[in-house]
Every structure is written in structure tokens, then in C-alpha cells.
Amino acid sequence: MQQKKILIVAESRNKLKSIQEFLQGKCLLDICENCIDAYRICRKSPCEYDLLITYCDYPFNILPLIRAIRNDISFIHPYILAVTDDRLKTTTIALKAGADSVVEKETVQDFLRSALEKEKKSTDLRTFTEFAMKIIEYKNFPTYEHSKNVKIISSILANLYFLENKKIDFQFHDNLRIAALFHDIGKILVPESILCKPSSLTYDEFNTMKNHTRRGAELFSTISKIYPEDELLSACMKVCLYHHEKFDGSGYPHGLKGEQIPLEARIVAIADVFDALTSVRYYRSAYSLEKALRVMEEEKAHFDPYIFHLFMDNIEFFCNLKLDSSHSESPL
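Residues numbered from 1 in each chain as written. Predicted model: local features only at pLDDT ≥ 70, side-chain atom pairs only at ≥ 80, totals over all residues. Heavy atoms only, no water.

1. Details of the confidence of the model for the chain
Low pLDDT means the predicted coordinates in that region are not meant to be read closely. Quick note on the threshold: Values of pLDDT, ranging from 0 to 100, describe the predictor's confidence in every residue of the model. By the convention used here, residues are in contact when the closest approach between their heavy atoms is within 4.5 Å.
Mean pLDDT over the chain stands at 89; residues scoring 70 or higher make up 94%. Every residue in residues 326-332 scores below 50 in pLDDT, and together they form 21 contacts with partners more than four places removed in sequence or on other chains.

Here's what the structure looks like:
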């Protein structure tokens, strides 16, 4: 099995010494002692590292690094893990900056064991994901912004799910955050006249729009013939195909019900609806947060009740996340 490559950013080596000792010999490990050098390393080769680990209790240097990587280099790679002594204090600011997970030092070794269990992702697949996101960005920028928002919300929901269940599954989370980005990739094959229509769709137009779920899954199905056992491609296919299925069986394309719907798609469905309702669409204004939550509460039968409960229990965080976003004015 090809070893994973991990970059530790530690301006004070003592802070992450135990992590460094734990990882020694288990992966290809690089240490960087300042944020500027870490940024340069990631900019030179964004797909090189599977995981970037940083200590986040002194955030004034680290948070700009995380934001710079996500804004200037890659919204996907590498997976960013923020380590902290005080998760309650650090989680919100680190996740808002672009970290993928926040873990306390006491439990970080469990997280890393999970991260090291599975095989390293193919560099070809990483490059493909970067390329695919560029296609979405150039084809329809509002869809790109919506996809980024759904990735953030889905990633946080998955974190909450695993925390509640006292379980760590790095591979699932890593695949989910990327799959969430591509949930609407099938829309690149929807005619602009439908995708950007400033009024309600006709019955036939809506059926064409609904087909984006199948078209997106077909794109990943084609690639999976080259990598038939790849779990990332499987997650992308599931999320593309099933993110409009509803827990009560009233969704599309297959009318799946309950846990027939893959967990990945059940998580993304909530993130997708929340961001869509609170964003400007070509045919309507953005709903207020209050109206969006009222609609979701009225339609809660559409969502996995356990995950929806987690979402609503943490709604203040998700609302603040949306308010902090500069994307709410983008039409979709």
C-alpha cells in the first residue's frame, strides 16, 4: 500500500511533538516551521499532500494560512486537520476558515489511525477533482459557489454525526466533502436556457433539470471503469444520483425511502436545501434564514430525522456560517 504524505505546520515543534512521534514511520512526513513556507509548499503542489496538520490554539497565524490555501490554492486539497486543546473555543473559527476537521490533542491519534487505514488517493484522481471544479466554475459560477457552500455544510454535519456516535471515519469524511462539491456537476449538461431561466420551469424543463442527478452519476461511472474499486468515485456517484431523494420516499430519481438512501446523500440533501433556500436563484430572491428554516421544518419528513435533528441543534452555527458568507447575493 502506498504511504500517505502528511505535512505538519508547527511554529512551535513542542506543540505537535507527540503527533510527529506517532506518525514517524507510518507515512511520508514533512515538517514546516512557519506558515509562509507551508503556503509556498502547498501552492507549488496542491495535490501532493493527503493531510495538513496544524495546531490551532494560537489562531492569528494559522487561520490566515488555512484561508489562503482554500481561497488561493485549492478548495479540496489537502485535507486540513486543526489540532486544539480546547475544541469548544477553536472549532467555529477553524471550520469557518476552511479546516476540514478540528480534533483535540487527546483524540488526535484515533483520528490519525483512521486516516492511515486506507490507501492513498491516486494523484490522477486528485488532479481530476481540481479540473472538474474548474469546469463547474467556468460553466456556471453560481453553481460553483453553491457547491462550495454545500461542501462546507455537509462536512460539518458529517463531523457532528461522527461526534454524536463517538466514531471516527476519516475516509468517509474525506470522500464526502469532495462528493458534496460535485453533487450538482450534472448541471453542466443542462441547457443554459433552463439552468438560468428567470421564471418558473415548465413540466418538461423541470424533468430535464431533474435529470442532472443521473447525468452527474454517469460522469463518475465512466471514470470508475478505470478505477473500479475507488471509494471516492463511489461516494461521488451516490451523492450525484441520490441527493434529491427524500426520506419519506417522495424524491427522485428512484423514489428511495429511509435508509435505502445512502448516508452521504442524506447528509448532502440537508446542506443542499439550506443553502439553496438562503441563496438568490435566477427565478426568486433568497429566503431569509427564518423563512428557510420554517420551510425546512414544515418539510422535515423529506430529511433523515437524526441528521436533521443534529442540524437544528446546531442551527445557530449554520446561520452564522451563512451570514458570514459573501455568496448569498449570487443567483443560482
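Still more to cover.
2. Concerning the packing of aromatic side chains
Counted only if it meets this: Two aromatic rings, drawn from Phe, Tyr or Trp (for Trp, its six-membered ring), form a pair once their centres lie within 6.5 Å of each other, and the interplanar angle then sorts them: stacked below 30 degrees, edge-to-face above 60, tilted otherwise. What counts as a helix is a DSSP run of H or I of at least four residues, what counts as a strand is a run of E of at least two, and both are numbered from the N terminus. Relative accessibility decides the category of a residue: with a 1.4 Å probe and only protein chains considered, values under 20% of the type maximum give buried, values over 50% give exposed, and everything between is partly exposed. Any Lys NZ or Arg CZ that is within 6 Å of a ring centre and within 35 degrees of that ring's normal is treated as a charge sitting over the ring.
Counted according to the given criterion, the structure contains 14 aromatic pairs. The interplanar angle of 55° and the centroid separation of 5.6 Å between the aromatic rings of Phe182 and Phe220 together place this pair among those described as tilted. Here Phe182 is found in the loop between α8 (170-181) and α9 (192-195), whereas its partner Phe220 is found in helix α11 (residues 212-224), with 38 residues between them in sequence. Under the relative-accessibility criterion, Phe182 is labelled buried at 0%. Put simply, the rings of Phe274, Phe303, Phe308, Phe311, Phe317 and Phe318 pair up and form one aromatic cluster. A cation over a ring is seen here: Lys26 above Phe22, with NZ or CZ 4.4 Å from the ring centre. Just above the ring of Tyr287 sits the side chain of Arg284; from NZ or CZ to the centre is 4.6 Å.

3. Points about the nonpolar core
Quick reminder of the rule: Residues grouped as a nonpolar core are buried Ala, Val, Leu, Ile, Met, Phe, Trp, Tyr and Cys residues, joined through side-chain atoms within 4.5 Å.
Counting 81 residues, the largest nonpolar core has Phe182, Phe311 and Phe318 as the members making the most contacts within it. With near-sequence residues (within four places) excluded, Phe182 lies in contact with Thr129, Ala132, Met133, Ile136, Phe220, Cys236 and Cys240. Judged by nonpolar contacts, the second largest core, of 22 residues, contains Ile19, Tyr55, Leu81 and Val108.

4. Some remarks on helix α7 (residues 141-164)
Heads up, the rule is: Under the convention used throughout, the expected extent of a helix is 1.5 Å for every residue step, that is, one less than its residue count.
The end-to-end C-alpha distance of α7, which contains 24 residues, comes to 35 Å, matching closely the 34 Å that a straight helix rising 1.5 Å per residue would cover. The buried fraction of α7 is high, at 20 of 24 residues. The positive-phi residue at the C-terminal boundary of α7 is Lys166, with phi of around 50°.

5. Remarks on the environment of Ile194
Here Ile194 shows up in helix α9. For Ile194, a relative accessible area of 9% translates into the label buried. The sequence separation of Ile194 and Thr208 amounts to 14 residues, and the corresponding C-alpha distance is 8.3 Å. Excluding residues within four positions of it along the chain, Ile194 makes contact with Leu201, Glu205, Thr208 and Met209.

6. Quick word on the state of the cysteines
Note the threshold: Any two cysteine sulfur atoms within 2.5 Å of one another count as a disulfide.
Counted by the stated rule, this structure contains zero disulfides. Left unpaired, Cys196 is separated from the closest cysteine sulfur, that of Cys240, by 19 Å. Cysteine Cys236 remains unbridged, with the sulfur of Cys240 as its closest cysteine sulfur at 6.4 Å.

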